[in-house]
There are 2 protein chains.
Amino acid sequence: MANLVPFWLLVSAILAPFVGANWNILRQKMNNNLDHVVADDALKIYCESWRVNVEVNNVRGFEVVPQECINHIKKYMTSSQYIADSERAIEEVQLYLTTCCSLQGDGTDAWIFDVDDTLLSNIPFYKKHDFGGEKLNETAIEEWMKSSKAPALEHTLKLFNLIRDKGIKIFLISSRRENLRSSTVDNLIQVGYHGWSALTLRGLEDEGKEVQKYKIEARQRLVNEGYHIWGIVGDQWSSFEGLPTPNRRFKLPNSMYYVA
Amino acid sequence: MANLVPFWLLVSAILAPFVGANWNILRQKMNNNLDHVVADDALKIYCESWRVNVEVNNVRGFEVVPQECINHIKKYMTSSQYIADSERAIEEVQLYLTTCCSLQGDGTDAWIFDVDDTLLSNIPFYKKHDFGGEKLNETAIEEWMKSSKAPALEHTLKLFNLIRDKGIKIFLISSRRENLRSSTVDNLIQVGYHGWSALTLRGLEDEGKEVQKYKIEARQRLVNEGYHIWGIVGDQWSSFEGLPTPNRRFKLPNSMYYVA
């Protein structure tokens, strides 16, 4: 191998300038990448803090997802993390149900579900509308709702069945308008929901009313009729806030839109 | 260069078995790493879903952080994300303060703060106690609190000053016990807090009472005295839940412990 050494030296000598140049380019690229990584990290942290502050209801009333966070929200809403977060919430409901309720068993036990992004997923719609980065077009979303094509959130469907099979009456209180009743019912049935006791939708008298107030009134009617509301599962704080309160409320993740 | 070609072939032929062997080792290593990555990812997703479900109060009443998530919570509580999440919450308070309140200006405007992990950080204590993975030792934490060494949460300190300077009276309602009064006051002053109106601590009559109930009673007393509670900043849901409610509540992140 002794005769190889000078040859390797020769090769090294020939290649050195190119390697040097490449090294500089490489270093430059690495630095650029590092800048991107640092900027990407900062943006990721920023958008994640926006998202979690939406989840705990510190950030309220946003009309659109901040433009610089569209990609982050898209990633989250289509991630295993979103599924895991939702499933964990549902598991906590199941845990609560094993111990919580001295059910009356006389038909007055009640549970409330939201419809959108609680029973049915609007992610296919929001995929086409920047995951909430686009200002909501009422006509477009009602078009989508009329198509009855929203898939079920599978973990919520299982919970729905569990609650119904316990003899608890299920009330769906949605901010959808009355004109969407048949499409909504069709959609729910097609993806496997059946056996709810009532579906409350927004009538003409609720137009212009805040959703939170409309939902409070709907709960109040249930209480007036003698129902005991053991829990609410929803993706919006406007489904929980205000009196009457249920025994427990369970928040599903959703940072694509805010319903006041 | 023509005479080099057979030489390269020769070198390749000599090195091939070693490269092959290395490649196999490398591939093995990569596969092992991949297994770890997959397992690490699954655990990360699991623990993150636990954490966010704590934040929105779906997961309640835990005595310790799940053992497999100690590392995740440690990472989070010492991360830029924790700082960013807290700062974002505080920024939302500031935003709210610019528009929210038709302040009475007659000394009845009130704001409530938690003490632990809201004004003062207990992270130095929990660093030594597995970030909540160890069951809380009352004696140990009171020892820590008596040392008056908790640092300020800097972003909350700024907010505290802002609110005080607006002429809003600040009430600190803490689940710390009365025997910690002088250590708590010393600690608060040392890190820069001054000018609060009252510090409410748990007296003998509150022993064995749920913190949520104790805090409700403290708020009720304020309301009875004619105060208008514009907001509460805290890290525990037991600081917000129940009547009387403030105009707004702001949840700071904390998944190290749960106060019911």
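The numbering scheme is per chain: residues are counted from 1 as the chain's sequence reads. Throughout, the order in which chains and ligands are written sets their labels, letters from A for the former and numbers from 1 for the latter. Where local features are concerned, this predicted model is filtered to residues with pLDDT of at least 70; where side-chain atom pairs are given and counted, the filter is 80 or more; whole-chain, interface and lining totals use all residues. Where side-chain values are given, they derive from all heavy atoms of the structure, hydrogens and water being excluded.

Trainee: Just checking my understanding: could you explain the packing of helix H3 (residues 80–99) of chain A against helix H6 (residues 154–165) of chain A for this structure?
Mentor: In a pair of packed helices, the angle between the axes and the distance between the axes together describe the arrangement. All names here are of chain A. Two elements in contact, H3 and H6, have axes separated by 9 Å at closest approach and are oriented at 15 degrees. What the angle tells us is that H3 and H6 run roughly parallel. For the pair H3 and H6, the crossing hand works out as left-handed. Along the contact surface, H3 presents Ser 86, Glu 87, Ile 90, Val 93, Gln 94 and Leu 97, while H6 presents His 155, Thr 156, Leu 159, Leu 162 and Ile 163. Where helices are involved, their axes are fitted lines through C-alpha atoms of the stretch in contact, as for all axes, and angles between N-to-C directions lie from 0 to 180°. Labels follow the DSSP assignment, with helices taken as runs of H or I lasting at least four residues and strands as runs of E lasting at least two, numbered in each case from the N terminus. For classification, angles of less than 35 degrees are called roughly parallel, those exceeding 145 degrees roughly antiparallel, those between 65 and 115 degrees roughly perpendicular, and all remaining angles oblique. Two helices cross in a left-handed way if the nearer one is turned anticlockwise from the farther one by less than a right angle. They cross in a right-handed way if the turn is clockwise. What makes two residues a contact is simply this: any of their non-hydrogen atoms within 4.5 Å.

Trainee: Looking at this model, I keep getting lost on the state of the cysteines. Mind explaining?
Mentor: As used in these notes, a disulfide is a covalent bond between sulfur atoms, one from each of two cysteines. All names here are of chain B. Put simply, a disulfide is two cysteine sulfurs that come within 2.5 Å. Counted by the stated rule, this structure contains four disulfides over all chains. The disulfide bridge from Cys 47 ends at Cys 69, spanning 2.2 Å between sulfur atoms. Between Cys 47 and Cys 69, the S-S dihedral sits near -80 degrees, and the bridge is therefore left-handed. Of this pair, Cys 47 sits in helix H1 (residues 4–55) while Cys 69 sits in the loop between H1 and helix H2 (70–77), and the two are 22 residues apart along the sequence. When accessible area is computed with a 1.4 Å probe and restricted to protein chains, residues below 20% of their type maximum are described as buried, those above 50% as exposed, and intermediate ones as partly exposed. Cys 69 gets classed as buried once you look at its relative accessible area, which sits at 0%. Paired by a disulfide, Cys 100 and Cys 101 hold their sulfur atoms 1.6 Å apart. Residues Cys 100 and Cys 101 share a disulfide whose torsion about the S-S bond is about -80 degrees; that sign makes it left-handed. Numbered by position along the chain, the disulfide-linked cysteines of chain A connect as 1-2, 3-4.

Trainee: Even after reading the chapter, I still don't get the pairing of strand E3 (residues 198–202) of chain B, so can you show me in this structure?
Mentor: Consecutive side chains along a regular strand alternate between the two faces of the sheet. Residue and element names in this part refer to chain B. Counting buried positions over the five residues of E3 gives four, a clear majority of the element. Only when DSSP finds a minimum of two bridges between them are two strands counted as paired. Two elements, strand E2 (residues 169–177) and E3, share four bridges in a ladder whose sense is parallel. Its bridge partner lying in E3, Arg 177 is registered against Arg 202. Handedness rule for crossovers: strands pointing away from the viewer, path from the first strand over the helix to the second running clockwise, crossover right-handed. Crossover E2 to E3 through helix H7 (residues 181–190) is right-handed.

Trainee: Would you explain the packing of aromatic side chains in this entry?
Mentor: Residue and element names in this part refer to chain A. Pairing of aromatic rings covers Phe, Tyr and Trp, the last through its six-membered ring, and needs centres within 6.5 Å; plane angles under 30 degrees mean stacked, over 60 mean edge-to-face, and all others mean tilted. Enumeration over the complete set of coordinates arrives at 27 aromatic pairs over all chains. With centroids separated by 5.8 Å and ring planes inclined at 80 degrees, the aromatic side chains of Tyr 76 and Tyr 82 adopt a geometry described as edge-to-face. The class for Tyr 82 is buried, based on a relative accessible area of 5%. Measuring from centroid to centroid gives 6.4 Å for Trp 111 and Phe 250, while their planes differ by 20 degrees, and the two rings are stacked. Linking Trp 111 in strand E1 (residues 109–113) with Phe 250 in strand E5 (residues 248–251), this pair joins segments that are 139 residues apart in sequence. Judged by its relative accessible area of 0%, Trp 111 falls in the buried class. Of the aromatic side chains, those joined through ring pairs into one cluster are Phe 125, Tyr 126, Trp 144 and Tyr 257. The cationic tip of Arg 51 hangs over the ring face of Tyr 76; the distance from NZ or CZ to the ring centre is 3.6 Å. We call a charge positioned above a ring when the Lys NZ or Arg CZ atom is no farther than 6 Å from the ring centre and deviates by at most 35 degrees from the ring normal. Looking at Arg 249, its charged tip hangs above the ring of Phe 240, at a distance of 5.7 Å from the centre.

Trainee: Which parts of the structure should I look at to understand the relation of the copies chain B and chain A?
Mentor: Both copies of the chain are related by one operation, a rotation about an axis with a shift along it. Copies are brought into register by a least-squares superposition over C-alpha atoms of residues with pLDDT of at least 70 in both. For the pair chain B and chain A, the superposition axis carries a translation of 0.0 Å, the fit reaches an RMSD of 0.1 Å, and the rotation angle comes to 180 degrees. Within this description, the copies of the chain are treated as partners about a two-fold rotation axis. Among all C-alpha atoms of chain B, that of Val 56 of chain B lies closest to the rotation axis, at 2.6 Å. The residues that chain B uses at the interface reappear at the interface of chain A in 97% of cases, marking a shared surface.

Trainee: Is there a simple way to explain the sheet that holds E1 of chain A in this structure?
Mentor: One key point about sheets: their strands pair by backbone hydrogen bonds, in either a parallel or an antiparallel sense. Residue and element names in this part refer to chain A. Spatial strand order, E3-E2-E1-E4-E5: five strands in an open sheet with parallel pairing. Only two strands of the sheet have a single partner each, and these edge strands are strand E3 (198–202) and E5. In this sheet, neighbouring strand axes are inclined to one another by 20 degrees on average, regardless of whether the strands run parallel or antiparallel. With four bridges joining them, strand E4 (residues 228–234) and E5 adopt parallel strand pairing. Paired with Gly 234 across the bridge in E5 is Lys 251.

Trainee: What is the right way to read unusual backbone geometry from this model?
Mentor: Note: most peptide bonds trans; most residues except glycine with negative phi. Residue and element names in this part refer to chain A. With an omega dihedral of -5 degrees, the bond running from Leu 243 to Pro 244 counts as a cis peptide bond. Among the secondary structure elements, Pro 244 is positioned in the loop between E4 and E5. Its identity is not glycine, yet Asp 117 carries a phi of approximately 60 degrees, on the positive side. Residue placement: Asp 117 occurs in the loop between E1 and helix H4 (123–127). Asp 117 gets classed as buried once you look at its relative accessible area, which sits at 1%. At Ser 148, a residue that is not glycine, the phi angle is positive and equals roughly 55 degrees. Position of Ser 148 relative to the elements: it lies in the loop between helix H5 (138–146) and H6.

So yeah, pure geometry; function would need other evidence.
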